[in-house]
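One-letter residues, chain by chain:
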Amino acid sequence: MAEKVNNFPPLPKFIPLKPCFYQNFADEIPIDYQALVKRIYHVWIFYCITLVVNIIACLAWWIGGGSGVNFGLAILWLILFSPCGYVCWFRPAYKAFRSDSSFNFMAFFFIFGAQFVLTVLQAIGFSGWGACGWLAAITFFSTSVASAVFMLFPAIMFTMSAVTMLICILRVHKFYRGAGGSFQKAQDEWNSGAWRNPPSREAQYSNFSGNSLPEYPTVPNYPPGNQWP
């Protein structure tokens, strides 16, 4: 089997850094689950784009007379949540479907659930949180209409992100419970240490090949017709 070389994030050759993860949906994720895992990946990408748009809107908010703290926090959220979102909730989902790992499913549910709650709060848009949500945008119309219009874009995108996150949680949970997953299985994985490097489904299936199956060196001979002893 060819060695798998890390390919994510894809970095230009002139950067003296190497990718940290190997990601290949067609190679590692069973075909029945590829669409769902890709959807979770696209949710992460869309959320990152939303954070970028939020920075621009917070800048407009600041120019229109708002607090500069929101602009600084918006930059911090982009720097913090973009890589953490990939590592903390997308990768557990990827590894869960790749290896049928209950521990990674549980990690995904808890962390992605927290991300969903945070995204809902960002969509609401409390002042001083560094997020241009509905509350911040609507109340700012009385101060600067132009800035408030800019602020509506991340409000809409945060709302869309929250809705798609909720849909993904429900679909993954439906699959996990339907497959017989439970918190007890996740605990067993933790206690055994299998969560550190869970084998792929391919490796699990290979355990049933080779000498694990009974071998018959010769084909048994049966007497012809009704000549049984």
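To start, this report covers the structure provided alongside it. (Residues numbered from 1 in each chain as written. Predicted model: local features only at pLDDT ≥ 70, side-chain atom pairs only at ≥ 80, totals over all residues. Heavy atoms only, no water.)

**Some details on the overall build of the protein**
Across its full length, the protein holds 8 helices and 0 strands. When the helices and strands of the protein are read in sequence order from the N terminus, they spell out α-α-α-α-α-α-α-α. For the protein, the residues scored as buried account for 37% of the 229 residues in total. For the protein, long-range pairs separated by at least 24 residues make up 67% of all intrachain contacts whose partners lie at least 6 apart in sequence. Accessible area of the protein: about 13700 Å², with a carbon and sulfur share of 68%. (Helix = DSSP H or I, 4+ residues; strand = E, 2+ residues; numbered from the N terminus. Buried < 20%, exposed > 50% of the residue type's maximum accessible area, 1.4 Å probe, protein only. Contact = heavy atoms within 4.5 Å. Areas by Shrake-Rupley, 256 points an atom, 1.4 Å probe, with all protein chains shown as cover.)

**Notes on the environment of Gly65**
As for its position among the elements, Gly65 is in the loop between helix H2 (34–63) and helix H3 (68–99). The exposure class of Gly65 is exposed, given its relative accessible area of 58%. For Gly65 and Phe140, which are 75 residues apart along the polypeptide, the C-alpha to C-alpha distance reads 9.3 Å.

**Remarks on the packing of helix H4 (residues 102–124) against helix H6 (residues 145–178)**
Each pair of packed helices gets described by two things: the angle between the helix axes and the distance between those axes. Contact pair H4 / H6: the axes reach a minimum separation of 9 Å and the direction vectors enclose 155°. What the angle tells us is that H4 and H6 run roughly antiparallel. In this structure, H4 crosses over H6, and the sense of that crossing is left-handed. The class makeup of the residues in the contact of H4 with H6 is 17 nonpolar, 8 polar and no charged. (Axes fitted to C-alpha atoms, helices over the stretch in contact; angles between N-to-C directions. Parallel < 35°, antiparallel > 145°, perpendicular 65-115°, else oblique. Left-handed = near helix turned anticlockwise from the far one by under 90°. Nonpolar A, V, L, I, M, F, W, Y, C, P; charged D, E, K, R; others polar.)

**Focus: the environment of Ile63**
Among the structural elements, Ile63 can be located in helix H2. Of the residues examined, Ile63 reaches a relative accessible area of 68% and is grouped as exposed.

**Some words on the pattern of salt bridges**
Any two side chains of opposite charge can pair, given that their charged atoms come close. Here the structure, examined in full by the defined rule, presents 3 salt bridges. The closest approach of N and O atoms between Lys4 and Glu28, which form a salt bridge, is 3.2 Å. Residue Lys4 is located in the segment before helix H1 (25–28), and its partner Glu28 is located in helix H1; the two are separated by 24 residues in the primary sequence. The exposure class assigned to Lys4 is partly exposed, which follows from its relative accessible area of 34%. According to the relative accessible area criterion, Glu28 is buried, its value standing at 12%. Close ionic contact of Glu28 with Arg98 constitutes a salt bridge, the shortest N to O distance being 3.9 Å. One end of the pair, Glu28, is in helix H1; the other, Arg98, is in helix H3, with 70 residues separating them in the sequence. Across this residue pair, the class does not change: Glu28 and Arg98 are buried. (Salt bridge = Lys/Arg side-chain N within 4 Å of Asp/Glu carboxyl O.)

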